[in-house]
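Take a look at the letters that make up each chain.
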Amino acid sequence: MPNDLNHLDAALAAYPRVALLEGPTPIQKLSRLSDLPELNGCQLYVKRDDLTGLGGGGNKLRKLEFLLGEALAEGADTLVTWGGLQSNHARLTAAVAARHGLACELILTPSAVRTDDDFCHNGNVLLDALFGAKVHRLARGVLPDAYATQLVDTLKGQGKRPFVMPLGGSSPRGSLGYAACAGEILRQAEALDMHFEQIIVPNGSAGTHSGLLAGVTLAGASTQILGYSVLATEEQAATTTLEKTRQVLQLLDRSTTLADHSIRVDGSQRGDAYGAPTEAMLEAVRLLASQEGLLTDPVYGGKAFAGLLAAVRRGDYRAGSNLLFVMTGGMPGLFAYRRAFE
Ligand SMILES: Cc1ncc(COP(=O)(O)O)c(C=O)c1O
């Protein structure tokens, strides 16, 4: 094992963490897709972070390992977070709270682009209720962070000990989950005797991207991280990702620096707005399902995989490149977007 991975492990060990994953998630080859002539000989692999085994799975469990560690260290008894109505982070926070006997308060904001019945009541919304979370559905225009501040005061007034997580769980502490994932991927690549030139992820609140980039940077690996922004514009997402990656590195090793040019964000797949379906997303979700039997979500993974498909079809990568797409979960979103697939 290269020394740099030991360095990453040692840095991560300084932070309280509660195990929520069963072990490493698999890396699988997309053999049928990789054989398509239009993909120009690129070898596509997926990191199955959709297979994390609690609450329907997804990337947020890796962040929640560190966030729950922090919350329990502070003696919290209630987890509070916010996000869009179909937030996967909210759903998994509710599942984690249920598993650990904590209360959960979710602040959910309406979508600017979808108001249909499936979106408002199915998918993650249905699951939040099953996990027993208390849901605060905000009216349009109410700011969730301001609402959270008030809610925390109210909960404290009731003698509760709330722990607040930001949008997407993407605080520097939460993002450590993906620095740990970077170490996991580098070890798996070593065992497979292969090198991934690029790891491709959706970029929403930027914690997944930042954590991975901090992890590979600290480990001294040459693998690049490319994020397809689905929430912010390309420029905003790049700025946020740089800032967050530096914050994660501050937690891990103050002496490790990050060059501005390490940030690779592509905003071409966002479409009209966060959560607005695009033709390319629909095609990507259908292709992964029909050719590989894999399910990705319409808001994050579908858009990021659409970006990867466009790039390999354009010939952006040389033949034989090994590319790793992180499947971040979010499958319940498919049921909320039924109409988009009709
Ligand atoms: C399924 C899924 N994939 C990707 C992301 C993006 O991760 P991040 O917010 O860390 O950028 C999210 C965030 O909500 C998500 O729910």
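Quantities reported herein were computed from a predicted structural model and do not represent experimental measurements.

What follows is about the UniProt feature "domain: Tryptophan synthase beta chain-like PALP" (unreviewed entry) in the protein chain. With numbering matched to this structure, UniProt assigns "domain: Tryptophan synthase beta chain-like PALP" (unreviewed entry) to residues 19-329. Along residues 19-329 one finds 44% helix and 16% strand; the C-alpha atoms at either end are 18 Å apart.

Ordered by their spatial adjacency, four strands build an open sheet running β5-β4-β3-β6, and the pairing between neighbours is parallel. At either margin of the open sheet sits one strand with a lone partner, and together these are β5 (134-137) and β6 (162-164). On average, adjacent strands in this sheet sit at an angle of 25° to one another, irrespective of strand direction. Relative to strand β4 (residues 103-109), strand β3 (residues 78-84) is paired through seven bridges, and the arrangement is parallel. Bridged to T78 within β4 is A103. Lying on the sheet, helix α4 (residues 88-99) is in contact with β3 and β4; it crosses β4 at an angle near 170°.

Surrounding the ligand, one finds 16 residues, the nearest of these being K63, G204, S205, T208 and T328. Separating an oxygen atom of the ligand from a side-chain N or O atom of N88 is a distance of 2.9 Å. The contact in question runs from an oxygen atom of the ligand to an N or O atom on the backbone of G204, over 2.7 Å. Alone, the ligand offers 390 Å² of accessible surface; in the complex the protein occludes 97% of this. When atoms are counted within 2 Å of each cavity's grid points, the one that captures over half of the ligand is the largest pocket. Listing elements by their share of the shell around the ligand, those giving two or more residues are α3 (60-73), β7 (198-203) and α9 (207-219). A per-class count over the shell around the ligand returns three nonpolar, eleven polar and two charged. Both domains that furnish three or more residues to the shell around the ligand are identified here as domain 1 (5-58 + 171-341) and domain 2 (60-169).

Definitions and limits used
- Residues numbered from 1 in each chain as written.
- Predicted model: local features only at pLDDT ≥ 70, side-chain atom pairs only at ≥ 80, totals over all residues.
- Heavy atoms only, no water.
- UniProt positions renumbered as here; feature names shortened; annotations may be inferred.
- Helix = DSSP H or I, 4+ residues; strand = E, 2+ residues; numbered from the N terminus.
- Pairing = 2+ DSSP bridges.
- Axes fitted to C-alpha atoms, helices over the stretch in contact; angles between N-to-C directions.
- Contact = heavy atoms within 4.5 Å.
- Near = heavy atom within 4 Å.
- Polar contact = N/O pair within 3.5 Å; in protein donor to acceptor, adjacent residues only side chain to side chain.
- Areas by Shrake-Rupley, 256 points an atom, 1.4 Å probe, with all protein chains shown as cover.
- 1 Å grid on protein atoms, 1.4 Å probe; cavity = no way out; pocket = protein on both sides within 12 Å on 5 of 7 lines; lining within 4 Å.
- Sits in = over half its atoms within 2 Å of the grid points.
- Nonpolar A, V, L, I, M, F, W, Y, C, P; charged D, E, K, R; others polar.
- Domains from an automatic or database assignment.

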